[in-house]
Each structure stands twice: as C-alpha cells, then as structure tokens.
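# Secondary and tertiary structure notes
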Amino acid sequence: MTTNHEIRTGFYICHCGHNIAGVIDVMAVTEYAAKLPFVVVSRDYKYMCSDPGQELIQKDIKELNLNRIVVASCSPLLHEATFRAATAKAGLNQFFMQMVNIRENDSWVHEDKEMATLKAKDLVRAAIHRVAYHKALEKKKVPVNPDVLIVGGGISGITAALTLANAGKKVYLVEKDPTIGGYMAKFDKTFPTLDCAACILTPKMSAVKEHPNITLWSYSEVTKVDGYVGNYTVQVTRKPRYIIEDLCVGCLSCIDACIYKEGKFPSEFDVGLSKRKPVYIPFPQATPLVVVVDRDTCIYFKTGKCPQSCAKACDRNAFDFNQQPEVKEIQVGTVILSTGFKTFDATRAPYYGYGRYPNVFTSLEIERLVNASGPTEGHVLCKDGREPQNIGIIHCVGSRDEKTNKWCSRVCCMYSLKLAHLLKEHTGADIYNFYIDMRTPGKGYEEFYDKLLNEGVHFIRGRVAEVSDWAITHVEEGKLVIRVEDTMIGVVRRIPVDMVVLSVGMEPGDDAQELRRLFNISCSNEGFFLERHPKLAPVDTFTDGIFIAGACQGPKDIPDSVAQAGAAAAQALALIDTGYVELEPNTAFIVEELCSGCRVCVTMCPYKAISYDEEKHKASINEALCKGCGTCVAACGSGAIFQNLFDDEEILSEIKGVLVE
Amino acid sequence: MQSSDTLNEQWTPRIVAFFCNWCTYTASDLAGVSRLRYAATTRVIRVMCSGRIEPSFILEAFVNGADGVLIGGCHPGDCHYSEGNYKCLRRYRLLQRYIEQMGIEKERMRLEWISASEGKRLQEVVNEMTETLVKLGPSHIREVAETIVK
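Residues numbered from 1 in each chain as written. Chains lettered and ligands numbered in written order. Predicted model: local features only at pLDDT ≥ 70, side-chain atom pairs only at ≥ 80, totals over all residues. Heavy atoms only, no water.

### Points about the state of the cysteines
Residues and elements named next belong to chain A. Applying the stated rule across the entire model yields two disulfides over all chains. Disulfide partner of cysteine 196: cysteine 199, at an S-S distance of 2.2 Å. With the S-S bond torsion at 90°, the cross-link from cysteine 196 to cysteine 199 turns out right-handed. Free cysteine cysteine 408: the closest other cysteine sulfur is in cysteine 396, separated by 6.5 Å. (Disulfide = S-S within 2.5 Å.)

Written out as structure tokens, the structure is:
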C-alpha cells in the first residue's frame, strides 16, 4: 500500500429505483461489500444521486472518518462529477472517490439476475481494491479565452453569433460558401406562419456583417484545430475569391462587364435552375456582398486569353487574379459547430424518376421556383412551359426507409404542406399529397394541416411505389403517373399529374466526417454530430468547449435550430464568464531517478509534451501540454512514467479485483 | 439478438474488457441506454485511451484467471488522442504471437474498434467472443502460472 495511514472505505450502492435493483440483488452486494478489505460501512439507497443520498456519504465521511468512497450506480460519464463534489463537500479530496458502473454496464444489459449480481460483485470488489491506491489530486485551473469560433453561417450559426456578439464576446464566424444564410436563404416562405424567409433572415445577415464584435470570414474553411477547452488554436484557410474583399463595394459592374453576356454555368444558389457567370454573387442579398470569381469556369483561368473585362470595369481595382489561399490563425476558448445538413439525393430513389423525367422536381427546386426572386420570378411551370394542372407531392423521399435513410427528417411533412399551399396559390392546380403518416408536432403545425385540408388539397395515405410516364388510359397520356396503394381504402391507385415534387429528407453534410475528425467529436450512427446526452446535454459534445447547434446534430426545423443555437451560445457564455476551466488531473509524469533516458516516450507523445534533457540524459513531461492519454506510460520500459488516476497499481489492482475473490 | 446470459449453464467465461473512455466505453454506455442485451461475461476496466493498455495488463488478466481479454478503442483515424489506438494495435500484434507461445489460444484476446455510436457492435462483439470462449472452455493459464510459482 502506498499510504501509511489506515484505509477506511465507505461503500454505497444505488437502487436507481428499479433500474438497478430490478435486476441486481442490491442487498446481496451490500452484504458482500461489507466483508471486503478496508470497508468500514456498506449501504444501499434508493437514489444515491439525490440530495439525501449524497448527504448519506457526507455524514459517514465525517462521523466514521472515512477516507475512501466507492459508489456503485450509473456510468461515471453521467454522475462522476456529482459524487466527486459530494465527497469534496465533506472535506475529503474528491479523487478518493471511485464509481462502479452497474447500470449501463450491468443491470440494463443483462436479464439473468444471478449473473448480473455476480458481475456487480466482481466490479465492486475491483473498485474497492483500486480506491485504496488513490491519491489526493488537485484539478488544474486554466483560463478560458473569451473569443468564440462559430463554423457554419446558416440560421443556427447566425443566431449563435449574434447572441454572443451582443453579450460583448468576440466571434469569428467561418462559412465555406461565398455568403452566409445557408438553406434558409433559399426558401420562399416558412411554415406555419408563411413569413417570407428572406424578410426575417436578411436583416440578421446584415446585423452579422455590421456587428463590431463579429469577424465574418465567408468562402473559408477550418483546416486545423489544436489545443483544448478554453484554449484552442484554429487555422482558417480563406479560399481565394480573386477579389480584395475590403475594396469591393458590391456595385456588380464587373458582372455586367464579363465577356459572357449571359449566365452560362449552373447557379449553386438556385440549385442549378438558373445560370450564372464565372464572376458572380450568389443572390442579391448575399452577405458579405462581395463578388466571387469561380476559377473553374473563368475563361482567364482556363485559357489565359480573356481581356479581363471584369477587372477593367472595376473602378476600385478590387481584382487580384494572383490571390492565394490565405491562412489565418486564431485563438479561441470555445467553438460552436453549426455546419448544417444536405438534402437527400433523389437519384438514389430511382423509382421516383428524378433525373429521368424532366417534370420531377425536388422540394428544394420548388422552393426556388415559387420564390419571387427565384429563377422564374415565382412562376411555376413545367419544363416545356406548360402550367401544371395537377401536382403530386411525395413525402418521405429517402426517409423512413430501410433502403435509404431510416430516420424521419421531421421537417418534410410541414414543408410539403407549405409547398402544397404555395403551389395551389401560384398555379391553382389540383394538389395531391402522398404521405405515410402526417407528422405535425409543433406550435401551430397541426392547425396548419387543418387549414390545408380546408383549402381542398388532396391527401392520399400510402407510400408511393413509382412514378412513370407509362399511360394505360388516354387520361394518363402525356402525364406522369403516380402509382400508390391508398391505404385508407385499400386500393392501388394511379394518379396522373403534370408535375411531381419529391419531399427529400435531411442527411449529414458531405464534410461532417472531416469536421468530426478535425474537432475531435463523434457522430451518431447515421452521421450527424453526437451530442453529449440526448436529453440533458443536447448541444454539448464529448469534447469540452465544442458545442453543436442546428441540423448538423440531426434533422431540425428553423425554430428548433434557432433555439439550439441560443442554447449553444449560452453554454459557451457559461464557460467564458466562469473565466476558467478545471482540467482533469490525469496527466503523466516521469520520476527522474527511474528514467533510463531511452527516449521511447518522446516519440509516443502526439502533443510533443515530452522533452529530453541532453545533459542529464533524462526525459520530462510538460504538464500543461499533456492530455492524459497514458500512451507514454504504457511504452516506458523502465517503469519511470506514472499517470495520475490511471496508474499501474490502480489498474492492476482493478484487474486482479475483477477476477480474484 | 437474443440474450446469451445463459449460453452455458455449467460454466460462463469471464472477459476482462479494457475500454477507452471516448469511444468504446461510451458505446458500452449507449448499449446500456438502448437496453441491448448481451452476455454477462465482461468486466470493464476504463482507461482514457487504448494506448494506455500495457501488454502486462493483459498478461496479468490471464494469469489471474481471465478466460478472455477484450480491448476496445476508437476506429483508426478517430482516436481522441490522435494515434493512441495505433500504438495499441502495434502492441496487440506483438502480444498475439507471444501469448500463443505461452499456450494461450489467440482467440482469447481480441482487439475491436468500436465507436461511441456503435452500441450494437459492442453487443455483437461480446456475444461472439463469449460464444468463442464457451467453445474453447476455461483458460488454464492461471493454474500453469501457479504451478510455476510453486
């Protein structure tokens, strides 16, 4: 034993209502633990995490003079902080507490009560052995840099940026596209109030641009992240737009002067429904209102044979065809990721004919078509110029399907209703909605559905089998035929329409995996960013100081994205205003007398925390750089490296503890 | 998958499972929250990174009577500490050869990359490994070790 004084351990087992006690024989474990070495007191309690539960521990520490605490309950990832705090409150160093996970790792995953109880006893025995080796440790306090990085300038990123900036914090907002605004900027109206999306969004976009506390870097990407909570060093690469941003005033004379007289390349903003020139702005309210030159389509870049008429038209000399990517390095304390989503690629559901039949559109394309500032100025026409007489809207395209995405995208029912309303308003056509279930949970949502029912929109319940142009009656000729089983009447129906709208679901963005690696966070199975806790920490991640907001965490509508962005900003503010963070003291250290100077550890450390003293022939660890992975400890052949909280004797006692009675 | 709690009524193997804090331990919590049933054979020991796992820990587990050792870490490229899982892999490869020479079947030691979202994978791995160990029967290395000590 490393400690000289007598070890007095208190053991506490939690029933967690029936969560633990329903499977594990709590009384048997209590009695078993009472007989183990050093155990002075062994108790059970209905809910250890409750105030009376914690007070029980504190009372025993004081009255029975306990110096070690073992709590068998849920995962330490959930309540370690709670029981550490309870221990500290009674005057005992918090690191003399060890948790045993008998809920997530035992009662919740086993049905055989006997086996589960046996397992609990093994785990408890290990912890009681281990805790005897624990040492008093102190958490290190490090200051939190008050600046915040927000990645992604859609409605979530904009909201978070404005909230933080209004609270007086300096914000860097990084957006990969030439403009902020995200998907919301593409929409015409928003459900269920039918507000004009641009009217409520663009003032916020301008506010971002004008805010003295916000540095907006559009057309930029995060390329490197180092550091830890409170102290991140981030590298942002600004892609060349071949325009000196500070000089461009957005007069757009250069676009008029381009040697392409008309737009020739598909506009990203109009999802390919209109054409733009190589020199362009995505849309009139683009923020920042700075022109972009697209290197891939510009004649000058492709052939070098363009007279550069655009640059000549610029009376502010804002063009710089030699512009290179510019790398910025910033220091921030916290990060909010609001990188959004992408829509389901409708060609992955080939039975609906997208890409084969010109009059099959995605919902996003229809958003642009019904938009007064869209490619057709709000006129919804078939590709051959006809006004559609009847339109079918197919719900759940790519969603709730074993073959594509299993999840419900949450927004499609509501936006389909919105589009049904707008299409009826714009075209007067007969509108059919094909749905599996109508999902309208939200304030005013069900009422909006009722309104649509009264507007005479048709609703057919059933998953559409296919869309084809194969006519079997003369009514169907020249039409697209939607084949569906109407499950309300139990009949297969064929509905001929002029236009089909595919309500595509939401998917993780293309760069989600890359970003996940960059920021050291996790994704859930389907690829959206994983929150720390699905209910109680929805905007936190497992990496401290990194928060998530909006659809990058999962499908979400605008109100929910805005709410989450506010929550993420509040979490960042909480860290900033505390002013410091306490780091887990699980760092490693080298005992100089034992070090043989072999330098194996130096190569192990990914953080360059280990340096070698050439004169003394000894290695040493810089505690400030060590993140506590323990890789060097495992590599040291001399046994000279120790890790707080995960020392050899602690782990070995646990191994022996789980196995040997 | 059905519960394998009662795979073998006479004898149930014991697996010492070293899980890294960020991926596999979190996956284990997820399996719990999702109530995925699996064999009650594992005894989890949490470490911050799979790179912390020393070969001697694994040998210690076998010598003390473990029938199997399971190591769980983050997928390649996903390590919370950049590359601790690669260090773990190197040691594992070496140790695989070593334990065979000691008379421990190599199936008794298994390294799996299980991410925080793969609770289901954790369930499958534990059940598979339990089945394998039931087929192999108890490990006798503890008795061998004890004889040598005597």
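### As for the interface of chain B and chain A
Between chain B and chain A, the contact holds 56 residues from the first and 54 residues from the second. Carbon and sulfur atoms make up 55% of the surface buried where chain B meets chain A, a total of about 4,600 Å² over both sides. Linking chain B with chain A are seven salt bridges, by the criterion used here. A salt bridge links Asp122(A) to Arg43(B); its shortest N-O distance comes to 2.7 Å. Broken down by secondary-structure element, the contributors of at least two residues to the side of chain B that touches chain A are strand S1 (15-20), helix H1 (24-33), strand S2 (42-47), helix H2 (55-63) and helix H3 (84-101) of chain B. With seven residues, the top contributor of residues to the side of chain B that touches chain A is H1(B). Class assignment of the residues belonging to the side of chain B that touches chain A gives a composition of 23 nonpolar, 16 polar and 17 charged. (Contact = heavy atoms within 4.5 Å. Buried area = accessible area lost by both parts, 1.4 Å probe. Salt bridge = Lys/Arg side-chain N within 4 Å of Asp/Glu carboxyl O. Helix = DSSP H or I, 4+ residues; strand = E, 2+ residues; numbered from the N terminus. Nonpolar A, V, L, I, M, F, W, Y, C, P; charged D, E, K, R; others polar.)

### A closer look at the sheet that holds strand S29 (residues 546-548) of chain A
Hydrogen bonds along the backbone pair up the strands of a sheet, which may run parallel or antiparallel. Residue and element names in this part refer to chain A. Across the sheet, which stays open at both edges, the five strands sit in the order S10-S7-S6-S18-S29 with parallel pairing between neighbours. The sheet is open, and its two edges are formed by strand S10 (214-217) and S29, each paired on a single side. Neighbouring strand axes in the sheet, compared pairwise and without regard to direction, differ in orientation by 20° on average. Pairing analysis gives four bridges linking strand S6 (residues 148-151) to strand S18 (residues 334-337), with the strands arranged parallel. Its bridge partner lying in S18, isoleucine 150 is registered against isoleucine 336. (Pairing = 2+ DSSP bridges. Axes fitted to C-alpha atoms, helices over the stretch in contact; angles between N-to-C directions.)

### Structural notes on the nonpolar core
Formed by 96 residues in total, the largest nonpolar core has its most connected members in Phe11(A), Ile69(A), Ile590(A), Ile621(A), Ile641(A), Phe18(B) and Ile58(B). For this core, the element with the most residues is helix H5 (residues 113-131) of chain A, which contributes eight residues. Two domains each put at least three residues into this core: domain 1 (4-137) and domain 5 (584-644) of chain A. What Ile590(A) contacts, discounting residues up to four positions off in sequence, is Cys595(A), Cys601(A), Ile610(A), Ala619(A), Ser620(A), Ile621(A), Ala640(A) and Ile641(A). If you look at the next biggest cluster of nonpolar residues, it comprises 64 residues, including Leu164(A), Val171(A), Trp217(A) and Ile576(A). (Core = buried A, V, L, I, M, F, W, Y, C linked by side-chain atoms within 4.5 Å. Buried < 20%, exposed > 50% of the residue type's maximum accessible area, 1.4 Å probe, protein only. Domains from an automatic or database assignment.)

### Points about a nonpolar patch on the surface
Residues and elements named next belong to chain A. On the surface, Met488, Ile489 and Val491 cluster together into a nonpolar patch covering about 310 Å² of accessible area. Tracing the backbone through its elements, the reader meets valine 491 in strand S26 (residues 491-497). Assessed through its relative accessible area of 39%, valine 491 is described here as partly exposed. (Patch = residues over 30% accessible without salt bridge, like charges linked within 9 Å, V, L, I, M, F, W, Y side chains within 5 Å. Areas by Shrake-Rupley, 256 points an atom, 1.4 Å probe, with all protein chains shown as cover.)

### Some remarks on empty space enclosed by the protein
Residue and element names in this part refer to chain A. Tallying each qualifying case throughout the model produces seven cavities of 30 Å³ or more. Lining the largest cavity are 15 residues, and of these Cys605, Cys626, Lys627, Cys629 and Cys632 lie nearest its centre. Of the residues in the lining of the largest cavity, the class split is 11 nonpolar, three polar and one charged. (1 Å grid on protein atoms, 1.4 Å probe; cavity = no way out; pocket = protein on both sides within 12 Å on 5 of 7 lines; lining within 4 Å. Points joined across faces, edges and corners; volume = space filled by probe spheres on them.)

### Focus on the environment of Glu377(A)
All names here are of chain A. Considering the arrangement of structural elements, one finds glutamate 377 in the loop between helix H11 (363-369) and strand S21 (390-397). With relative accessibility at 60%, the residue glutamate 377 sits in the exposed group. Apart from the residues lying within four places of it in its own chain, the contact partners of glutamate 377 are Asn371 and Ala372.

### A short note on helix H2 (residues 51-63) of chain A
All names here are of chain A. Over its 13 residues, H2 extends 18 Å from the first C-alpha to the last, a length consistent with the 18 Å expected when each residue adds 1.5 Å. Residues of H2 that are buried sit in contact with strand S1 (9-14), strand S2 (39-45), strand S3 (68-73) and helix H3 (76-89). Two residues or fewer after H2 comes asparagine 65, characterised by a positive phi angle close to 60°. (Expected span 1.5 Å × (residues − 1).)

Remember, this is a structural readout, not a statement about activity or role.
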